[in-house]
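Spelled out from the first residue to the last, the chains are:
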Amino acid sequence: MTRSESYSTPLAERYASPRMLALWSPQRRHGMWRRLWLALAEAEQSLGVPIPDEALAQMREHLDDIDFDAVAAYEKRFRHDVMAHAHAFGDVAPAAKGYIHYGATSCYVTDNAELLLMREGLGVLREKVLQAMRELAAFARRWRAEPTLGYTHLQPAQLTTVGKRAALWLHDLALDVADIDHRVATLPFRGAKGTTGTQASFLSIFHGDHGKVRELDAMVTKAMGFPAALPITGQTYSRKIDAQVLGVVSGIAASAAKFASDMRMLQAFGEIEEPFEKEQIGSSAMAYKRNPMRSERINALARFVGSLEPNANQTHAVQYFERTLDDSANRRLVIPESFLATDAILVLLVNVAGGLEVHPARIAARVRDELPFMATEELIVRAVRAGLGRQEAHEVIRRHSIAAARAMKDEGIANDMLARLAQDPEFGVPLDDLRAALDATHYVGRAPQQVDEFLDEVVQPLLDLVPASHERDEVRV
């Protein structure tokens, strides 16, 4: 069967980066299993188990030269992937055959490797979140003071700035970095706990010496780079930890989806557009179209990631007693694909954020359409100065603003509210004086200063911790 005749996940074929694909590859996973077996054997030897030095030397020499054909043959016989890999490792490290997996259960390698992979995967995602933040920070700084329509309820509200809106996207990502850092700092190792988590096999190996069993657990944990192991487990670590990790991962996807949703609407408004290649085709039929396809893809992949997050808690809830095996096949799919899809999302996010195309004239035109409505308080002040009572001024403005809005919708004319007010003798303010109130920068509040403060005090300290990288993953299709 050729490659084109067999299904392959689009995450591998189209979307995820080579680095994340390599992280979740069989080579990386099972190389990690061998390192875990080596760490266990080294710790056991140091605590008095008579494992020959030659056994450890052979294990060290063959950590990555995995014969996957031999593994497949063993698994066909044994119907057990861990034992298949243990036998294949023993074939190339014959002096260690009697000591590979000594005292361990399958979850010693499968669970501990999963924790190692998730920890490293969070690190990869963190780097890419910071890349996206760097791009958005430069964008926010450049457009810090550009007035634009703000929205509540998806209806025009008070003005904000283009840069302030970008700062909102940035803030979500900064929260994600904090979540990643907390999760990585507190992610535990399963350690060497035995078949049902009681460490009975290791207690037997060390002739009832509880101290050595505890030391073994600590030594393996330290060897694999974790500050601490779980104090208690069943056969597996609690699957609640998977739910905690996927909560962070799906949170990143959600932040990117919020950005992408906003971008799709801004592109529909004609205000800001995502990058568009010279020969890119927006539609097979409508040659003029410039669709926000990368933002749409972010939303599509984020929806997929979000659908996987509840799966982890559902799995945790049915791990009867010390464990059941209905988690295994499920986790083989859910955990890697959550990371791969979120990686793909961040590749797109970095690309889009680094190539945003702003159309100030279009933004200003849309502001002009709504600005008379937003200047209401200032117009009331000017009317009061001209001798009209505050409540009376409010009523006149209310009446004319409703009429102007109706005319804009029903007749397609420009906003003529100021002309209506100037022509109303009750209002008593000349048209030029009313027009003087329509300086958009007067209605953005502290948005430019908020952008500066946020970038200087929150974003830049995060970015300073990681050198700027000029390498970017290619958007593959």
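Refer to the preceding data block for the structure.
Computed from a predicted model, the values in this text were never measured in an experiment.

Visitor: Please set out the overall build of the protein residue by residue, giving values where relevant.
Guide: When helices and strands are counted, the protein shows 19 helices and four strands. Its C-alpha radius of gyration of 31 Å places the protein more than 25% over the 23 Å reference for a compact globule of 477 residues. Counting over 477 residues, the protein shows a buried share of 49%. By sequence separation, contacts in the protein at least 24 residues apart represent 77% of the contacts at least 6 residues apart. Carbon and sulfur atoms form 53% of the exposed surface of the protein, whose accessible area is close to 23,100 Å². Of the side chains in the protein, 55 bear a positive and 64 a negative charge, and the two mean positions are spaced by 1 Å.

Visitor: Could you give an account of helix H12 (residues 293–317), naming the residues involved and the relevant values?
Guide: Because an α-helix packs 3.6 residues into every turn, residues spaced three or four apart end up facing the same way. Over its 25 residues, H12 extends 38 Å from the first C-alpha to the last, a length consistent with the 36 Å expected when each residue adds 1.5 Å. The set of residues buried in H12 consists of Arg 294, Ser 295, Arg 297, Ile 298, Asn 299, Leu 301, Ala 302, Val 305, Leu 308, Asn 311, Ala 312 and Thr 315. Residues of H12 that are buried in the fold lie against helix H1 (10–15), helix H11 (240–269) and helix H13 (328–353).

Visitor: Tell me what's going on with the pairing of strand E2 (residues 155–161), and back it up with residues and numbers.
Guide: One ladder, built from five bridges, connects strand E1 (residues 147–152) with E2; its direction is antiparallel. Among the inter-strand pairings, Pro 147 is bridged to a residue of E2, identified as Thr 161. What sits between the antiparallel neighbours E1 and E2 is a turn of two residues, in which His 153 has the positive phi angle 60°.

Visitor: Can you tell me about the packing of aromatic side chains, naming the residues and giving the values?
Guide: The final tally for this structure, using the stated rule, is eight aromatic pairs. With centroids separated by 6.4 Å and ring planes inclined at 90°, the aromatic side chains of Tyr 99 and Tyr 102 adopt a geometry described as edge-to-face. Judged by its relative accessible area of 23%, Tyr 99 is partly exposed. Judged by relative accessible area, Tyr 102 falls into the partly exposed class, the value being 33%. Sitting over the face of the ring of Phe 226, Arg 119 holds its NZ or CZ atom 3.9 Å from the ring centroid. Residue placement shows Arg 366 over the ring face of Phe 269; its charged tip is 4.2 Å from the ring centre.

Visitor: How would you explain the environment of Gly 428 if you had to name every residue and give the values?
Guide: Inspection of the secondary structure assignment puts Gly 428 in the loop between helix H17 (417–423) and helix H18 (431–435). Judged by relative accessible area, Gly 428 falls into the partly exposed class, the value being 46%. Each C-alpha atom, one on Gly 428 and one on Arg 399, is 15 Å from the other, the two residues being 29 residues apart in sequence.

Visitor: Break down the pattern of salt bridges for me, citing the residues and quoting the values.
Guide: Enumeration according to the criterion identifies 30 salt bridges in this entry. We note a salt bridge from Arg 35 to Asp 64, for which the minimum N-O separation is 2.8 Å. Remark: Asp 64 occurs in the loop between helix H4 (53–61) and helix H5 (68–78) and Arg 35 occurs in helix H3 (residues 26–46); sequence separation between them is 29 residues. The class for Arg 35 is partly exposed, based on a relative accessible area of 31%. Across the pair Asp 81 and Arg 332 runs a salt bridge, and its minimum N-O distance is 2.9 Å. With Asp 81 in helix H6 (residues 81–92) and Arg 332 in helix H13, this residue pair connects regions lying 251 residues apart in the sequence. Judged by its relative accessible area of 16%, Asp 81 falls in the buried class. Classification of Arg 332 as exposed rests on a relative accessible area of 52%. Counted as one network, the salt bridges with shared partners bring together Arg 29, Glu 114, Asp 242 and Arg 331.

Visitor: Describe the packing of H3 against helix H7 (residues 106–142), with residues and values.
Guide: Relative orientation of the contacting elements H3 and H7 amounts to 120°, with a least axis distance of 9 Å. Relative to H7, H3 is oriented oblique. The crossing of H3 and H7 is right-handed. Residues Arg 28, Arg 29, Met 32, Trp 33, Leu 36, Trp 37, Ala 39 and Leu 40 of H3 form the contact with H7, whose participating residues are Tyr 108, Val 109, Thr 110, Asn 112, Ala 113, Glu 114, Leu 116, Leu 117 and Glu 120. A per-class count over the contact of H3 with H7 returns 11 nonpolar, two polar and four charged.

Visitor: Lay out the nonpolar core with the relevant residues and their values.
Guide: By size, the foremost hydrophobic cluster in this structure holds 138 residues, and its most contacted members are Trp 37, Met 59, Tyr 108, Met 133, Phe 339 and Phe 427. In terms of residue count, H7 provides more of this core than any other element does, 18 residues in total. When near neighbours in sequence (up to four residues on either side) are disregarded, Phe 427 contacts Leu 379, Ala 383, Leu 388, Ala 393, Val 396, Ile 397, Leu 421 and Leu 434. Ile 66, Val 71, Ala 84 and Ala 88 belong to the second-largest nonpolar core, a separate cluster that totals five residues.

Visitor: So what's going on with the side chain of Thr 160? Residues and values would help.
Guide: Looking at where Thr 160 falls in the secondary structure, it is placed in strand E2. On the accessibility criterion, Thr 160 (15% relative accessible area) is buried. Excluding residues within four positions of it along the chain, Thr 160 makes contact with Glu 146, Pro 147, Thr 148, Leu 149, Gly 150, Arg 165, Val 444 and Ala 447.

Visitor: Give a description of the packing of H3 against helix H10 (residues 210–223) that names residues and reports values.
Guide: Where H3 contacts H10, the two axes come as close as 9 Å, and the packing angle between them is 135°. As summarised for this structure, H3 and H10 are arranged oblique, according to the angle between their axes. Classified by chirality, the crossing of H10 by H3 is right-handed. Residues Ala 39, Leu 40, Ala 43, Glu 44 and Ser 46 of H3 pack against Leu 216, Met 219, Val 220 and Ala 223 of H10. Class assignment for the residues of the contact of H3 with H10 results in seven nonpolar, one polar and one charged.

Visitor: Talk me through H10; I want residue IDs and the actual numbers.
Guide: Between its first and last C-alpha, H10 extends 20 Å over 14 residues, near the 20 Å set by a 1.5 Å rise per residue. Considering only its buried residues, H10 is in contact with H3, H7 and helix H9 (200–205). The backbone nitrogen of Gly 211 lies 3.0 Å from a side-chain oxygen of the residue at the head of H10, namely Asp 209. Phi turns positive one or two residues past the end of H10, at Gly 225, with a value near 85°.

Visitor: Break down the side chain of Asp 176 for me, citing the residues and quoting the values.
Guide: Within the element layout of this structure, Asp 176 appears in helix H8 (residues 162–186). For the buried Asp 176, which has no salt bridge, the nearest side chain bearing the opposite charge is Arg 126, at an N-O separation of 11 Å.

The rules behind each value
Residues numbered from 1 in each chain as written. Predicted model: local features only at pLDDT ≥ 70, side-chain atom pairs only at ≥ 80, totals over all residues. Heavy atoms only, no water. Helix = DSSP H or I, 4+ residues; strand = E, 2+ residues; numbered from the N terminus. Rg over C-alpha atoms; globule rule 2.2 N^0.38 Å. Buried < 20%, exposed > 50% of the residue type's maximum accessible area, 1.4 Å probe, protein only. Contact = heavy atoms within 4.5 Å. Areas by Shrake-Rupley, 256 points an atom, 1.4 Å probe, with all protein chains shown as cover. Lys, Arg positive; Asp, Glu negative; His and termini not counted. Charge placed at Lys NZ, Arg CZ, Asp CG, Glu CD. Expected span 1.5 Å × (residues − 1). Pairing = 2+ DSSP bridges. Phe/Tyr/Trp six-rings, centres within 6.5 Å; stacked < 30°, edge-to-face > 60°. Lys NZ or Arg CZ within 6 Å of the ring centre and 35° of its normal. Salt bridge = Lys/Arg side-chain N within 4 Å of Asp/Glu carboxyl O. Axes fitted to C-alpha atoms, helices over the stretch in contact; angles between N-to-C directions. Parallel < 35°, antiparallel > 145°, perpendicular 65-115°, else oblique. Left-handed = near helix turned anticlockwise from the far one by under 90°. Nonpolar A, V, L, I, M, F, W, Y, C, P; charged D, E, K, R; others polar. Core = buried A, V, L, I, M, F, W, Y, C linked by side-chain atoms within 4.5 Å. Polar contact = N/O pair within 3.5 Å; in protein donor to acceptor, adjacent residues only side chain to side chain.

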